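Spelled out, the chains give:
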Amino acid sequence: MLADRSRLHIALQKSGRLSESSQQLLRDAGFRIQTTKNSLTAGVENFPAELMFVRDDDIPTFVSDGVCEFGIVGQNVLEEFALGQAEPKYEVLAELGFGRCSLKLAAPESLTYEGPQSLAGTRIATSYPRLTERFLRERGVDATVVKMNGAVELAPRLQIANFVCDLVSTGATLEANGLRPVETVLESQAVLLRTRKPLDEARSQIAAGLLSRVDGVLATKESKYIMLNATEDSLEQITAILPGAEAPTILPLHGRPGHFAVHAVCQESIFWETLQKLKSAGASAILVVPIEKMMM
Ligand code: PRT
Ligand code: ZN
């Protein structure tokens, strides 16, 4: 891969569970990804960046080595990689809220499980040997970890192992294989990584531009704009209920003395319970709307 040093290089999964969401995040941040015949890389029309499409397992290495300045990868892959390194040569900039799954220990239905001690002396099949070994070590349990690169859930039936330690999202795969989750080893989601290798001045500036746009996208995902009407005596209580809202705007309502409109950006999720509380405190005409773009 020939790297152009006047651009940023972003490592993304080529094809798999993270590919579409990773590219969507960049599109939401306003990057127009060029479609090219060459499926290993893609330029960005309106930003000096180049996307590198690779296996997810290679992303921590590429970012650590500085081949790519940024990357998007699951915490499961990243932490497994990190346990094999003396010190991290990357930094995690943000959790991205997609690719959520858990690394779980699972047992065949027929096997009794009464806590980590039940694992002692057994064999555990996994694609995540370092994370599994750390889990065992932290609990003082001695077991044999068998590394498998795929089809881990078949290991008990093939009598390769007693337990498995595998990624789970819906749990359907475990169930279809007669397995049940017994322990959570790691909760995971996709994260944005940055190399620790220093960038030159020009690319530091490009990186800052990329980050502020990605931060903006992540902030708008959680944030909502809320508008409501309130009487003067209820204003204090209402503004205290608004989740994660700093300095709401309060405007007098024309022709209705003592009545105000309250507008605020809420940086946390707004649940129905919150709306109920606002209403009980005296708010009316409550409107919650999504925010399309935001730059703080
Ligand atoms: O080719 P490449 O090496 O890039 O891809 P890959 O095959 O290694 O990874 P891929 O595309 O399967 O997953 C990429 C990342 O998505 C993982 O590293 C996780 O961070 C995340 N992710 C989220 C998952 C799952 N959910 C998931 N359910 N990765 C894998 N699974 C598998 C799991 O291994 C099991 O086989 O799905 C099955 C279980 O799913 P449920 O829904 O039946 O529980
Ligand atoms: Zn992989």
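See the structure above.
Residues numbered from 1 in each chain as written. Chains lettered and ligands numbered in written order. Predicted model: local features only at pLDDT ≥ 70, side-chain atom pairs only at ≥ 80, totals over all residues. Heavy atoms only, no water.

1. So, the overall build of the chain
To keep things clear, this is the line we draw: The numbering of helices and of strands both runs from the N terminus, where a helix is a DSSP run of H or I of at least 4 residues and a strand a run of E of at least 2. The atom set for the radius of gyration is the C-alpha atoms, and the globule formula is 2.2 Å times the number of residues raised to the power 0.38. Think of it in three bands: with a 1.4 Å probe and only protein chains considered, a residue is buried below 20% of the maximum accessible area for its type, exposed above 50%, and partly exposed in between. Residues count as neighbours in contact if any of their non-hydrogen atoms are within 4.5 Å of one another. For the accessible areas, the method is Shrake-Rupley and the probe is 1.4 Å, while residue cover comes only from the protein chains on display.
In terms of regular secondary structure, the chain is built from 8 helices and 15 strands. Here the C-alpha atoms of the chain give a radius of gyration of 25 Å, more than 25% beyond the 19 Å that 2.2 N^0.38 yields for 296 residues. On the principal axes, the C-alpha backbone points of the chain span a range of 80 × 55 × 35 Å. Out of the 296 residues belonging to the chain, those deemed buried represent 45%. Here the contacts in the chain between residues at least 6 apart in sequence split such that 70% fall between residues at least 24 apart. Taken as a whole, the chain presents about 16,000 Å² of accessible surface, with 50% of it coming from carbon and sulfur.

2. Comments concerning the site of ligand 1
The condition is simple: Note on terminology: near, applied to a residue and a molecule or strand, indicates that one of the residue's heavy atoms is within 4 Å of it. For the purposes of these results, a polar contact is taken to be a pair of N or O atoms within 3.5 Å, where, inside protein, one atom must be able to donate a hydrogen and its partner to accept one; residues adjacent in sequence count only when each atom of the pair is a side-chain atom. Lining residues are those with an atom within 4 Å of a point, where the points come from a 1 Å grid over the protein atoms alone and group into cavities, where a 1.4 Å probe fits but cannot get out, or pockets, open sets with protein on both sides within 12 Å along at least five of seven lines. Should more than half of a molecule's atoms lie within 2 Å of a pocket's or cavity's grid points, that molecule is taken to sit in it. Residue classes follow a fixed rule: Ala, Val, Leu, Ile, Met, Phe, Trp, Tyr, Cys and Pro count as nonpolar, while Asp, Glu, Lys and Arg count as charged, and any other residue, Gly among them, counts as polar. In this document the domain limits rely on a domain assignment from an automatic tool or a database.
Lining the immediate environment of ligand 1, one finds 21 residues, of which Arg55, Asn76, Thr170, Gly171 and Thr173 sit closest. In this structure, an oxygen atom belonging to ligand 1 sits 2.9 Å away from a main-chain N or O atom of Ser169. Contact with the protein chains removes 78% of the 840 Å² of surface that ligand 1 exposes when unbound. In a pocket analysis with a 2 Å cut-off to the grid points, ligand 1 is assigned to the largest pocket. When contributions to the shell around ligand 1 are tallied by element, the ones reaching two or more residues are α3 (75–82), β9 (163–168) and α5 (172–176). The leading source of residues in the shell around ligand 1 is β9, at 3 residues. The residue makeup of the shell around ligand 1, split by class, is 6 nonpolar, 9 polar and 6 charged. A domain split of the shell around ligand 1 shows at least three residues from each of domain 1 (8–97 + 190–220) and domain 2 (101–188).

3. Quick notes on the coordination of the zinc ion (ligand 2)
The line we're drawing: Counted as coordinating are nitrogen, oxygen and sulfur atoms within 2.8 Å of the metal, or 3.2 Å for Na, K and Ca, while water is not included, which may make sites look incomplete. Only two sets of limits are used to name each site, 85 to 135 degrees for every angle of a tetrahedral four-donor site, and over 155 degrees for opposite donors with all other angles from 65 to 115 for a square planar four-donor or octahedral six-donor site, with any other site named irregular.
Those protein atoms acting as donors to the zinc ion (ligand 2) are Asp56 (OD) and Asp57 (OD), and they sit at 2.0 to 2.1 Å. Of note is the zinc ion (ligand 2), whose 4 donor atoms meet at the metal with angles of 75 to 172° in an arrangement that counts as irregular. A relative accessible area of 17% means that Asp56 is categorised as buried.

Everything listed here is a matter of geometry and, on its own, says nothing about what the molecule does.
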